[in-house]
Amino acid sequence: MGCERVGRFTPLPVKNRLRELRSDRGWSQGELGQRLQVSRQTVNAIETEKYDPSLPLAFRIARLFGKLIGEVFHPDGR
């Protein structure tokens, strides 16, 4: 048995509910950024799905909203 070479990894697009969760609490992007210790621009990039957060940041986001990561972030098409 030989080792099979695995093909290139194709990133899985990730959708999120960050804007909805933030709006439900009446927070601005800047306020959320302060709570998460990231910039307003980072919050905007996550909300517009131009940036996927690191795993530690995703955990902080989920914890802040009292959710599981899977309740905030999910693969495209789910």
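Reading the values: the criteria
Residues numbered from 1 in each chain as written. Predicted model: local features only at pLDDT ≥ 70, side-chain atom pairs only at ≥ 80, totals over all residues. Heavy atoms only, no water. 1 Å grid on protein atoms, 1.4 Å probe; cavity = no way out; pocket = protein on both sides within 12 Å on 5 of 7 lines; lining within 4 Å. Points joined across faces, edges and corners; volume = space filled by probe spheres on them. Nonpolar A, V, L, I, M, F, W, Y, C, P; charged D, E, K, R; others polar. Helix = DSSP H or I, 4+ residues; strand = E, 2+ residues; numbered from the N terminus. Contact = heavy atoms within 4.5 Å. Phe/Tyr/Trp six-rings, centres within 6.5 Å; stacked < 30°, edge-to-face > 60°. Buried < 20%, exposed > 50% of the residue type's maximum accessible area, 1.4 Å probe, protein only. Lys NZ or Arg CZ within 6 Å of the ring centre and 35° of its normal. Axes fitted to C-alpha atoms, helices over the stretch in contact; angles between N-to-C directions. Parallel < 35°, antiparallel > 145°, perpendicular 65-115°, else oblique.

Novice: What is the right way to look at empty space enclosed by the protein in this model?
Specialist: If you roll a probe as big as a water molecule over the atoms, it shows you where there is empty space left. Applying the stated rule across the entire model yields 1 cavity of 30 Å³ or more. Taken as a whole, the largest cavity spans an internal volume of roughly 30 Å³. Forming the boundary of the largest cavity are V14, N16, I46, E49, Y51, D52, P53 and F73. Looking at the lining of the largest cavity, its residues break down into 5 nonpolar, 1 polar and 2 charged.

Novice: Please explain unusual backbone geometry as it appears in this structure.
Specialist: Negative phi values dominate among residues other than glycine, just as trans dominates among peptide bonds. Of note, Q37 is a non-glycine position whose phi angle comes to about 60°, a positive value. With respect to the helices and strands, Q37 occurs in the loop between α2 (29-36) and α3 (40-47). Unlike most non-glycine residues, E49 shows phi in positive territory, near 60°. Within the secondary structure, E49 sits in the loop between α3 and α4 (55-64).

Novice: Is there a simple way to explain the environment of L21 in this structure?
Specialist: Position of L21 among the secondary structure elements: in helix α1 (residues 18-24). Separated by 51 residues in sequence, L21 and V72 have C-alpha atoms that sit 8.4 Å apart. Beyond its immediate sequence surroundings of up to four residues, L21 is in contact with F65, K67 and V72.

Novice: Would you mind showing me how to read the packing of aromatic side chains here?
Specialist: Two aromatic rings, taken as a pair, are described by how far apart their centres are and by the angle between their planes. Under the counting rule described, the total for this entry stands at 1 aromatic pair. For the ring pair W27 and F65, a centre distance of 5.6 Å and an interplane angle of 40° mean the geometry is tilted. Taken as a pair, W27 in the loop between α1 and α2 and F65 in the loop between α4 and α5 (69-72) lie far apart in primary sequence, 38 residues in all. There is no split in this pair, since W27 and F65 are both buried. The residue whose ring lies beneath R35 is W27, and the NZ or CZ to ring-centre distance is 4.0 Å.

Novice: Where do I start with α3 in this structure?
Specialist: In an α-helix, one turn spans 3.6 residues, which is why side chains three or four residues apart end up on the same side. The complete set of buried residues in α3 reads V43, A45, I46 and E47. Each element contacted by the buried residues of α3 is listed here: β1 (14-16), α1, α2, α4 and β2 (73-75). Taken from the residues just after α3, E49 is the one with a positive phi, measuring 60°.

Novice: Looking at this model, I keep getting lost on the packing of α2 against α3. Mind explaining?
Specialist: Packing of α2 against α3 leaves a shortest axis separation of 8 Å and a crossing angle of 105°. In terms of axis orientation, α2 runs roughly perpendicular to α3. In contact with Q29, G30, L32 and G33 of α2, α3 contributes R40, V43, N44 and E47. Classifying every residue of the contact of α2 with α3 by side-chain character gives 2 nonpolar, 4 polar and 2 charged.

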